[in-house]
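Chains, contacts and geometry: an overview
Residues per chain, in single letters:
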Amino acid sequence: MRKSNWLLLVLALALSMFLAACSGGDDTSETDDTEGTEESSPEQVLNLIEASQIPTMDSSMATDAVAFQFLGESMEGLYRLDEDVVPQPAIAAGEPEISEDGLEWTITLRDDAVWSNGDPVTANDFVFAWRRAVNPETGSEYGPFMMNGVIKNAEAINNGDLDIEELGVEAVSDTELLITLEKAIPYFHSLLTFGTFLPLNEAFVTEQGEDYGLSSDNLLFNGPFTLNDWNPTGDNPDQWSLVKNEDYWDAETVQLETINVSVVKETSTAVNLYNTGEIDRAGLTAEFVEQYAGQEDYVTLPEPTLFYLKLNQANEALANQNIRKAIAMSIGKQDLVDVILANGSVVSNGAVPQDFTTHPETGEDFRAINGDLLTEDKETAQEYWETGLEELGVDSVELRYLGGDTDLSQDMDAYIMDQLQENLEGLTIDISAVPFEERISRDEASDYDIQNSGWGPDYIDPNTWLEMWTSTSPYMTMNYENEEFDALISEANNELITDPVARYENFLEAEKILMDDAAIAPIYQRSRAYLWRTSVKGVIFNPMGADFSYKNAYIE
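**Some words on the overall build of the protein chain**
Per the secondary structure count, the protein chain includes 19 helices and 21 strands. In terms of overall dimensions, the protein chain has C-alpha extents of about 75 × 60 × 50 Å along its principal axes. For the protein chain, buried positions account for 56% of its 556 residues. Residue pairs in contact within the protein chain that sit at least 24 positions apart in sequence constitute 69% of those at least 6 positions apart. By element, 42% of the accessible surface of the protein chain is carried by carbon and sulfur atoms, the whole surface being about 22,500 Å². Of note, the protein chain has its 27 positive side-chain charges centred 2 Å away from the centre of its 106 negative side-chain charges.

Put into structure tokens, the structure is as follows:
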């Protein structure tokens with residue numbers, strides 16, 4: 001789906017500036033180093049860190065940014081995003097043939113793609129993977145979330161009303177895939193780049209059973225790299241590597257030989273490793289931004305990623321709208337982005353980010369049209385709080401707060417706790433700082449009252465930000481339900497699917513309802529600051545799916 005918008009322009013400019021900065025100064029040093037001698041090629045090894053383990057490498061079960069990052073490097077689907085966020089043929093041999101009504105997509109697969117065990121990648125691998133993702137016995141969260149209402153019969157299958165063989169995907173031959181949709185989906189092309197739509201080798205996955213995706217030994221790969229030495233329950237769970245896949249159909253394009261990855265949660269440790277040359281990129285928190293901003297290797301990347309508090313209405317206090325509004329309006333968001341983050345992040349006062357999509361008729365940005373819907377206002381927050389306590393018949397509330405265990409997460413959560421307890425008399429917050437994997441598990445079990453959470457888009461459409469808050473969404477773990485909101489989203493994705501203007505208006509109205517309910521408390525739209533080795537070239541930044549693509553990366 002070729003759709004230009006301001007965000008993409010900003011991202012492209014940011015990446016261009018980064019790449020330009022990466023080249024600065026290298027020419028001189030290269031000349032000095034090689035004058036009068038034979039020039040040697042740099043070792044094509046990249047050293048990176050992650051803040052957490054990979055929760056799973058099973059594409060049917062993955063739900064988080066870390067899993068999709070490494071699935072994106074080691075696996076390949078029908079299409080892959082390029083530097084302009086446009087889907088390009090990957091396992092597909094070319095663009096899809098689409099029926100006039102937009103319901104049938106016929107895709108021819110390339111005949112030279114193979115798995116790492118030598119098996120060819122066939123149309124049946126996609127059929128098997130997609131059926132598995134919507135099969136209720138699999139227990140996938142993202143399968144029904146991404147396919148229900150999109151692929152024909154996905155929802156009925158997931159509800160147990162139809163057999164999985166009735167899913168609208170068919171292997172016409174080994175190299176021809178026929179996809180039948182429930183309706184014409186305007187963003188389906190970009191959806192096909194997402195990790196849930198990756199293929200799986202049926203014989204291998206079946207042989208592995210419940211062990212599939214739990215370690216490198218239980219995986220097959222068809223992407224630019226293979227994942228090596230990854231074993232979360234082994235002796236060295238915090239280190240693994242990506243190694244160039246020589247059997248990859250486009251191996252000639254891949255220049256990196258190895259990407260070494262270590263889990264490092266402390267920013268100070270990451271900066272030390274960067275300064276001693278042991279890693280090639282380090283994310284920065286505010287204290288380090290002040291120290292390194294302006295350096296040649298200092299980079300910031302704005303993102304369409306939102307962070308917010310999820311407010312679980314299974315808790316009696318949070319089921320009260322006035323209590324939720326009081327919490328949402330008590331946080332000093334501007335100070336948080338200026339002081340705690342200080343990396344270019346901006347305050348968020350809605351459920352859809354700025355610079356993401358524009359109105360199909362006027363071209364105006366979604367955020368500019370709806371404006372600031374849920375802003376910081378501590379005086380009004382106290383009024384809501386007192387009203388809420390009176391309605392509940394209590395004078396105090398104690399809430400469990402689920403947060404992360406990285407330096408930045410703990411600093412931010414401590415700040416939010418202080419803001420809430422200081423402004424809302426009688427409120428006590430009990431913070432749990434847990435590893436990412438545990439936070440995902442507790443989120444899925446609705447085991448929290450308040451959770452600091454974030455979301456990046458799965459495709460370029462407002463629906464990716466709003467559908468997850470419907471009462472039937474697999475992502476709905478906070479027990480929020482509003483029939484009017486549900487109806488607007490349903491209408492946008494059904495009756496109005498071919499009316500882009502009316503559909504967009506529904507999304508605008510739905511966001512107003514969500515914010516008036518204070519179903520979530522928006523906090524900020526993320527930008528990230530890095531120290532990034534200037535010799536690293538060709539990394540593509542993705543606004544959706546995996547954050548980065550290293551297929552075209554190289555060391556200069």
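**So, helix H18 (residues 483–492)**
Listed in full, the buried residues belonging to H18 are Phe 485, Asp 486, Leu 488, Ile 489 and Ala 492. Buried residues in H18, looked at end-on, bunch into an arc of 165°, giving them a common side. Exposed residues lying more than 90 degrees from the buried face of H18 are Glu 483 and Glu 484. The inward-facing, buried residues of H18 abut helix H17 (463–466) and helix H19 (500–516). Of the residues flanking the start of H18, the one acting as N-cap is Asn 482, its side-chain oxygen 2.9 Å from the backbone nitrogen of Glu 484.

**Focus: the sheet that holds strand S4 (residues 97–98)**
Within a beta sheet, neighbouring strands are joined by backbone hydrogen bonds and run either parallel or antiparallel to one another. The four strands lie next to each other as S4-S5-S7-S6, forming an open sheet whose pairing is antiparallel. Here the strands that pair on one side only, and so sit at the sheet edges, are S4 and strand S6 (169–173). Sheet topology places strand S5 (residues 104–108) next to strand S7 (residues 176–180); five bridges connect them, and they run antiparallel. Paired with Thr 106 across the strands is Leu 178, a residue of S7. Where helix H4 (residues 123–134) meets the sheet, its contacts fall on S6 and S7, and the angle it forms with S6 comes to roughly 165°.

**Observations regarding empty space enclosed by the protein**
Tallying each qualifying case throughout the model produces five cavities of 30 Å³ or more. In this model, the second largest cavity occupies a volume close to 290 Å³. If you go around the second largest cavity, you meet 21 residues; those closest to its centre are Gly 72, Arg 80, Thr 193, Gly 195 and Ala 546. Of all the secondary structure elements, the ones that give two or more residues to the lining of the second largest cavity are helix H3 (65–74), strand S2 (79–81) and strand S20 (548–549). When residues of the lining of the second largest cavity are assigned to their parent elements, the largest contribution, four residues, is made by H3. Within the lining of the second largest cavity, the residues separate by chemical class into eleven nonpolar, seven polar and three charged.

**Some words on the environment of Trp 385**
Following the sequence through the fold, Trp 385 ends up in helix H14 (residues 378–392). By relative accessible area, which is 2% here, Trp 385 ends up buried. As a C-alpha pair, Trp 385 and Gln 321 span 64 residues in sequence and 9.7 Å in three-dimensional space. When neighbours within four sequence positions are excluded, Trp 385 is seen to be in contact with Asn 322, Ile 323, Ala 326, Val 397, Leu 424, Glu 425, Gly 426 and Leu 427.

**Some details on the nonpolar core**
Counting residues in hydrophobic clusters, the biggest one holds 152 residues, and the most contacted among them are Trp 130, Ile 151 and Ile 179. Here this core gets eight residues from one element, more than from any other, and that element is H4. Apart from the residues lying within four places of it in its own chain, the contact partners of Ile 179 are Leu 103, Glu 104, Trp 105, Ile 107, Trp 130, Ile 151, Gly 168, Val 169, Phe 188 and Leu 192.

**Overview of a negative patch on the surface**
Negative charge collects at one region of the surface, where Glu 379, Glu 383, Glu 386 and Glu 425 lie side by side. Among the structural elements, Glu 379 can be located in helix H14. Of the residues examined, Glu 379 reaches a relative accessible area of 59% and is grouped as exposed.

**A few points about the packing of helix H12 (residues 333–341) against helix H15 (residues 407–423)**
Between H12 and H15, the least distance of the axes is 11 Å, while the angle of their chain directions is 145°. For the element pair H12 and H15, the recorded crossing hand is right-handed. Contacts from Asp 335, Leu 336, Ile 340 and Leu 341 of H12 reach H15 at Leu 408, Asp 411, Met 412, Tyr 415 and Ile 416.

**Some points on the layout of surface pockets**
For the largest pocket, the calculated volume is near 520 Å³. As for the largest pocket, its lining consists of 27 residues, of which Asn 148, Gly 149, Glu 155, Glu 467 and Thr 472 are closest to the centre. By residue class, the composition of the lining of the largest pocket is ten nonpolar, twelve polar and five charged. Approximately 310 Å³ is the volume found for the second largest pocket. Contributing to the lining of the second largest pocket are 17 residues, with Pro 55, Thr 56, Met 61, Ile 440 and Glu 444 lying nearest its centre. Here the lining of the second largest pocket gets four residues from one element, more than from any other, and that element is helix H16 (residues 436–444).

**Comments concerning the pattern of salt bridges**
Following the criterion strictly, the structure yields 18 salt bridges and no others. The partner of Glu 556 in a salt bridge is Lys 537, with the nearest N and O atoms 3.7 Å apart. Placement of Glu 556 in the segment after strand S21 (554–555) and of Lys 537 in strand S18 (residues 536–537) is noted, with a sequence separation of 19 residues between them. Looking at Glu 556, the relative accessible area reads 36%, which means it is partly exposed. Assessed through its relative accessible area of 5%, Lys 537 is described here as buried. Through salt bridges that share partners, Arg 400, Glu 438, Arg 442, Asp 447 and Asp 449 make up one connected network.

**What about the packing of aromatic side chains?**
On inspection of all chains with the given rule, the structure shows 26 aromatic pairs. Between Tyr 142 and Phe 194, the ring centres sit 5.7 Å apart and the planes meet at 15°, which makes this aromatic pair stacked. With a gap of 52 residues between them, Tyr 142 in helix H5 (residues 142–147) and Phe 194 in the loop between helix H7 (188–191) and helix H8 (202–208) connect regions that are remote in the sequence. Assessed through its relative accessible area of 3%, Phe 194 is described here as buried.

**Thoughts on the sheet that holds strand S1 (residues 45–50)**
Strand order across the open sheet formed by four strands is S1-S10-S9-S8, with mixed pairing between neighbours. Both edges of this open sheet fall to S1 and strand S8 (225–228), since each of them pairs with a single strand only. Pairwise comparison of adjacent strand axes, ignoring direction, gives a mean angle of 20° for this sheet. Note that S8 and strand S9 (residues 239–244) share four bridges and pair antiparallel. By the bridge assignment, Thr 226 is partnered in S9 with Val 243.

Reading guide: rules and limits
- Residues numbered from 1 in each chain as written.
- Predicted model: local features only at pLDDT ≥ 70, side-chain atom pairs only at ≥ 80, totals over all residues.
- Heavy atoms only, no water.
- Helix = DSSP H or I, 4+ residues; strand = E, 2+ residues; numbered from the N terminus.
- Buried < 20%, exposed > 50% of the residue type's maximum accessible area, 1.4 Å probe, protein only.
- Contact = heavy atoms within 4.5 Å.
- Areas by Shrake-Rupley, 256 points an atom, 1.4 Å probe, with all protein chains shown as cover.
- Lys, Arg positive; Asp, Glu negative; His and termini not counted.
- Charge placed at Lys NZ, Arg CZ, Asp CG, Glu CD.
- Arc of directions from axis to C-beta.
- Polar contact = N/O pair within 3.5 Å; in protein donor to acceptor, adjacent residues only side chain to side chain.
- Pairing = 2+ DSSP bridges.
- Axes fitted to C-alpha atoms, helices over the stretch in contact; angles between N-to-C directions.
- 1 Å grid on protein atoms, 1.4 Å probe; cavity = no way out; pocket = protein on both sides within 12 Å on 5 of 7 lines; lining within 4 Å.
- Points joined across faces, edges and corners; volume = space filled by probe spheres on them.
- Nonpolar A, V, L, I, M, F, W, Y, C, P; charged D, E, K, R; others polar.
- Core = buried A, V, L, I, M, F, W, Y, C linked by side-chain atoms within 4.5 Å.
- Patch = residues over 30% accessible without salt bridge, like charges linked within 9 Å, V, L, I, M, F, W, Y side chains within 5 Å.
- Salt bridge = Lys/Arg side-chain N within 4 Å of Asp/Glu carboxyl O.
- Left-handed = near helix turned anticlockwise from the far one by under 90°.
- Phe/Tyr/Trp six-rings, centres within 6.5 Å; stacked < 30°, edge-to-face > 60°.

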